[in-house]
Amino acid sequence: MTEIKVSVIIPVYNTINYLMKCLDSVLNQSLKEIEAVVVIDASPDNSIDVVHDYQKKDSRIKIVNKVVNEGLAAARNSGVAVSSGDYIIHLDSDDFWIDDNMLRELYEIAVFEGCDILRFNGYKYEDDKLTSLIVDEVDLINGCFDTDKELWCYGSVFLFFFRREFIDNNDLSFVDGISLGEDGIFISLALGAAKNVSSISKCFYAYRVNYSSMMNKKWSIDTFMEEETSSQIIANNISKNEDALYKYLFCRINIYWLSKISVKAKRELSKCERMKLYALARDNFIKLDTELLSKSNLLHRRAKLLHGYFLSSDFKKVDKFIDDVNCLRLTSVFSLGFLLLCLSRTKWIFLRCFSYLNIFKKILNKLKGMFVRIFYTFMGKDKILNNS
């Protein structure tokens, strides 16, 4: 029996429109000693039929057909459980790979460097074209989470190539029941456990930007609580590294919470539900060192105020503060809009004036020509020339 070098775990739920492109990008790989473990998570479309058709043509496809939808974390775990490759990689079924030599290159690098985890890069895919990078470019050989700050990034599990022995020895798995932030929990735990982590800047992955994604849908209080719980698990996973923990929570309150979560919560939750969310969020933000925050020039002044309200458990002030931020944001948007309108009107007025000046200039030239002809007619062209 042929040794399986790489297992590709593909969870599928309601992505039939993109599934064929995804599977083609796997089966066309130049590295042939692979298996594609496709986990149909009780998908309501006909994805299972598409996968069965592919399996008839290529025996390297292995199917796990779930009758009950258990979520992304459980689907990934189910795929890993039945896989047999020396290395494991995850691929979302609405995305695809852009290089047929991808798995061969990742496998050869991982074996040569002896790394537990190998990270790579990719592009966002919007309007049928590749756009910006998914993550910052990082080139690293056998780095370590404790010392290499470039590794302090916990999203996009599909950009990681894992050695199976490392996964098994550390009993790593996704947390069942969590579908929002499940990859961050897994990666933060894996990076902390790995002895050797390498990273290449080469882009292999096409991440399809979904404008109807989770962040753009309306959340229930349970979804907000799940997202916050995931964040706290990530914080606990990296808590032994104080610098990494500080950076993570710093970015969360300064960027993610201030500009996204708080605004979304204010718009979609009742006041009672928001108080419940604030109480849970406080447990995360109290881990930030107040003295370090006060000295930081990078932390936004508004984030410092928000942190202070969380520390004092004054959730009414947190709520009012978010109101003020939203009002300021709306005012800024309207001001910018008004400025752009004024600029556009100014440009229009200038162009109109310029147009009128050109018309006036043409009229003057015509009048000048007309007066010259009249003068020649009455005075006589020959007489004028003789006098001159």
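Here, the structure is the one placed above.
Summarised in this report is the structure supplied together with it.

Calculation notes
Residues numbered from 1 in each chain as written. Predicted model: local features only at pLDDT ≥ 70, side-chain atom pairs only at ≥ 80, totals over all residues. Heavy atoms only, no water. Helix = DSSP H or I, 4+ residues; strand = E, 2+ residues; numbered from the N terminus. Buried < 20%, exposed > 50% of the residue type's maximum accessible area, 1.4 Å probe, protein only. Contact = heavy atoms within 4.5 Å. Areas by Shrake-Rupley, 256 points an atom, 1.4 Å probe, with all protein chains shown as cover. Core = buried A, V, L, I, M, F, W, Y, C linked by side-chain atoms within 4.5 Å. Arc of directions from axis to C-beta. Pairing = 2+ DSSP bridges. Right-handed = clockwise from strand over helix to strand, strands pointing away.

What about the overall build of the protein chain?
At step 1: Along the protein chain, the regular secondary structure elements total 13 helices and 10 strands.
At step 2: Here the protein chain holds 388 residues, and 44% of them are scored as buried.
At step 3: In the protein chain, 79% of the contacts between residues at least 6 apart in sequence involve partners at least 24 apart.
At step 4: Counting only carbon and sulfur atoms, one obtains 56% of the accessible surface of the protein chain, whose full area is about 21,300 Å².

Observations regarding the nonpolar core
At step 1: Within the largest apolar cluster, 94 residues are counted, with the highest numbers of intra-cluster contacts made by Val 6, Ile 10, Ile 89, Leu 103, Phe 161 and Trp 257.
At step 2: Per-element tally for this core: the top contributor is helix α8 (residues 242-268), with nine residues.
At step 3: Not counting the four nearest positions on each side in its chain, Leu 103 is found in contact with Val 6, Val 8, Gln 29, Leu 31, Ile 34, Ile 89, Trp 97 and Phe 161.
At step 4: Counting residues in each nonpolar core, the second largest holds seven residues, with Val 39, Val 64, Ala 75 and Ile 88 among its members.

Notes on the environment of Asp 86
At step 1: On the secondary structure map, Asp 86 appears in the loop between α3 (72-82) and β4 (87-90).
At step 2: Each C-alpha atom, one on Asp 86 and one on Ile 4, is 6.6 Å from the other, the two residues being 82 residues apart in sequence.
At step 3: Setting aside its immediate chain neighbours within four residues, Asp 86 contacts Glu 3, Ile 4, Lys 5, Tyr 107, Phe 162, Arg 163 and Arg 164.

Details of helix α2 (residues 47-57)
At step 1: Considered for burial, the residues of α2 that qualify are Ser 47, Ile 48, Val 50, Val 51 and Tyr 54. In an axial view of α2, the angular spread of the buried residues amounts to 160 degrees, which keeps them on one side of the axis.
At step 2: For α2, the elements touching its buried residues are β1 (6-12), α1 (16-27), β2 (34-41) and β3 (61-66).

Re the pairing of β3
In summary, the side chains of a regular strand alternate between the two faces of the sheet.
At step 1: As paired strands, β2 and β3 are joined by six bridges and run parallel to one another. Following the sheet pairing, Val 38 is matched in β3 by Ile 63.
At step 2: As a crossover connection, the stretch from β2 through α2 into β3 is right-handed.

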